[in-house]
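Chain residues, written in single-letter form:
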Amino acid sequence: MIAALRANARVVAALGARSVKQTFRRPQLMAPIIVFPSLLLAVQVGGAGSAVDLPGFPRVHGFLDFMLAGAMIQSTLLAGNSGGIALAVDIEMGFADRLLVAPISRFAIVLGRLAGTAALGVFAALWYVAVGLVFGARIEEGVPGVLVVVALVSLSAVAFGGLGAAVALRTGRASVVQGLFPLVFVILFLSSAFFPANLMLEPAASVARYNPLSFVVEGVRDPIISALGAHALAKAAAGLAIVGAASFALSALALRHRLRTGGA
Amino acid sequence: MASRALRAELAVVGALVRRAANEILRVPGAAIPGVLAPSIFFLGLTAVFGHLTQLRGFDTQSYQSFLIPVSLIQGAGFTGAATGVNLARDIEQGWFDRLLVAPVPRPVLLAGLVLSASARALVPAAFLLAVGFAIGVHWPGAAGLAIAIALVMVMGAVAALWGVALALRFRSQSAAPLMQAGMFLLVLTTTAYAPLELLRGWLHDVARVNPATQVLEAARQGFTGGVSWGDTWPGLVAAAAMAAAFAALALRGMRRTGL
């Protein structure tokens, strides 16, 4: 039992490392995860920075502090999408078939991909914390706050990565997963990732209040702009549980379908 | 003799423009990202930052009217950059080599690619304007609309020239993120989100000298107020200057290709 567990852990680690290397070696995978969200962060902070003067805007040290959480979650969503594309490419090229006939747990194959996405989540969180600190942001909760941020961002990468993996497993086509890219921005714009929900226009404001992504973003933002609160953390955990449960259920169903039908 | 050569060159340009138009008709899915991305950004940013107009410094209360020229030019940028990606694909597949050995001057090949991008930029522009007017964007008047559309076409050409220069340099579709990021930066480091006096830090300094700011302000004038020659000519000059600079870059790449 323990030997089997150890073997599966090795598979997950090997596939996770492969996934991370793949992302760093291909600029077309790396650009959406780090380059575009960083550019958007820089432009939005400079362009909409005066928003902190609006009545009703939360008290923050600066607009950059407020925006960091949104940039991190944007990165994890895009990392999940890129992970899904890479998995679909593996299916198209036949690499996934070779893994499926290997004497390893099928779920370890998906978990390996998600472990890679989680590692990218950790990288994204640390990248944005570093960018924030370099450009004058303050992490109000200090080092413990950074640890909470990194943990929440990597967990959200796994949760959102599961959705990309589910679509990849169900369709087996990279172009279909690539097609979800615009949807990432729809979900982001309908959350409080870039602005407080109370200052957004309707109907987006109402959607943002109940969007699980808003719970996650606000949980990540809380230790950056104020003292860490149990309420925000609990809401983030609930948001992650909702998204995670949905993505794992969909991945399991898609994997079962692929094994039963051979992807037909 | 000269007129026959000119007629032959125009025929080549026409054929390349028709080839690009055929791609829209035969692979309509390929045009979707160029239409969808600026539309999602337009609707999303309007919903998110709509209350910014409450800040002193905005000359309109309608953020969608303030934002739509940004999305129009962004759409032109995406479509123009796609011309570079398509050229990189043609280079990878060897089709462009066949064009190069044809008895056609290279600037004529470039003109065909660029004019097709200008025409294709009208596809996202038409869609965005329809969406914009449906959600309450102010009617810019015939003159305001004509100026905006003309600038969209020139910016489509500018983006195509940038994409072509990079495609000839890297000869690979892997350069696509660079083509898109270049246009993304050019358009968004302007008064895209707010008027110049409300921009903060480095963006204020960059937007002040970025020629795309003049283009954006000229395209915006009809949507947020009246049209005047004083607000139009700086945009036209800036667009022409960018087109000339990027054309020089692309022509240099064309001349060096295959040497």
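Residues numbered from 1 in each chain as written. Chains lettered and ligands numbered in written order. Predicted model: local features only at pLDDT ≥ 70, side-chain atom pairs only at ≥ 80, totals over all residues.

Undergrad: Before we go on, may I ask you to explain the interface of chain A and chain B in this structure?
TA: Interfaces are often sized by the amount of accessible area the parts lose when they come together. Taken residue by residue, the interface counts 25 residues in chain A and 30 residues in chain B. It is helix 2 (residues 27-48) of chain A that provides the largest number of residues to the side of chain A that touches chain B, a total of ten residues. Of the residues assigned to the side of chain A that touches chain B, the class counts are 18 nonpolar, six polar and one charged. (Contact = placed C-beta atoms within 7 Å. Helix = DSSP H or I, 4+ residues; strand = E, 2+ residues; numbered from the N terminus. Nonpolar A, V, L, I, M, F, W, Y, C, P; charged D, E, K, R; others polar.)

Undergrad: Explain the packing of helix 3 (residues 63-93) of chain B against helix 6 (residues 122-134) of chain B here, please?
TA: Helix packing for two helices is described by the angle between their axes and how far apart those axes are. Residues and elements named next belong to chain B. Here helix 3 crosses helix 6 at 160°, and the two axes come no closer than 9 Å. Taken together, the axes of helix 3 and helix 6 lie roughly antiparallel to each other. Taken as a pair, helix 3 and helix 6 cross one another with a handedness that is right-handed. Residue-level inspection shows Gln 64, Ile 68, Ser 71, Leu 72, Gly 75, Ala 76 and Thr 79 of helix 3 in contact with helix 6, the latter providing Pro 124, Ala 125, Leu 128 and Gly 132. Among the residues making up the contact of helix 3 with helix 6, the classes are represented as six nonpolar, five polar and no charged. (Axes fitted to C-alpha atoms, helices over the stretch in contact; angles between N-to-C directions. Parallel < 35°, antiparallel > 145°, perpendicular 65-115°, else oblique. Left-handed = near helix turned anticlockwise from the far one by under 90°.)

Undergrad: Sorry if this is basic, but what is going on with unusual backbone geometry here?
TA: Trans is the common state for peptide bonds, and a negative phi is the common state for residues other than glycine. Across the junction of Glu202(A) and Pro203(A), the peptide omega takes the value 5°, indicating a cis bond. One can find Pro203(A) in the loop between helix 8 (181-189) and helix 9 (204-210).

Undergrad: What should I look at first to understand helix 10 (residues 212-225) of chain A in this one?
TA: Turn by turn, an α-helix covers 3.6 residues, leaving residues three or four places apart pointing in a common direction. In this model helix 10 of chain A runs 20 Å from its N-terminal to its C-terminal C-alpha over 14 residues, within 8% of the 20 Å that 1.5 Å per residue would give. The buried fraction of helix 10 of chain A amounts to 14 of the 14 residues, a majority that puts the element mostly inside the structure. (Expected span 1.5 Å × (residues − 1). Buried ≥ 20, exposed ≤ 12 C-beta atoms within 10 Å, placed from the backbone.)

Undergrad: What am I meant to see in the environment of Val158(A) here?
TA: Residues and elements named next belong to chain A. Relative to the helices and strands, Val 158 resides in helix 6 (residues 142-171). Accessibility expressed as a C-beta count within 10 Å gives 24 for Val 158, which makes it buried. In this structure, the C-alpha to C-alpha distance between Val 158 and Leu 111, residues 47 residues apart in sequence, is 9.0 Å. Sequence-distant contacts of Val 158, defined by excluding residues within four places in its chain, comprise Leu 114, Thr 117 and Ala 118.

Undergrad: Which parts of the structure should I look at to understand the packing of helix 6 of chain A against helix 10 of chain A?
TA: Residue and element names in this part refer to chain A. Axis separation between helix 6 and helix 10 bottoms out at 8 Å; the angle between their running directions is 165°. Here helix 10 runs roughly antiparallel to helix 6, going by the angle between their axes. Crossing hand, helix 6 versus helix 10: left-handed. Contact residues: Gly 145, Val 148, Val 149, Leu 152, Val 153 and Ser 156 in helix 6; Val 216, Gly 219, Val 220, Pro 223 and Ile 224 in helix 10. Class assignment for the residues of the contact of helix 6 with helix 10 results in eight nonpolar, three polar and no charged.

Undergrad: Looking at this structure, I do not really get the environment of Val177(A). What am I missing?
TA: Residue and element names in this part refer to chain A. The topology assignment puts Val 177 in helix 7 (residues 174-178). Overall, Val 177 belongs to the buried group, with 27 C-beta atoms counted inside 10 Å. For the pair formed by Val 177 and Gly 164, sequence separation is 13 residues and the distance between their alpha carbons is 6.8 Å. If near-sequence neighbours (up to four positions away) are discounted, Val 177 is found in contact with Asn 81, Gly 84, Ile 85, Ala 88, Gly 164, Val 167 and Ala 168.

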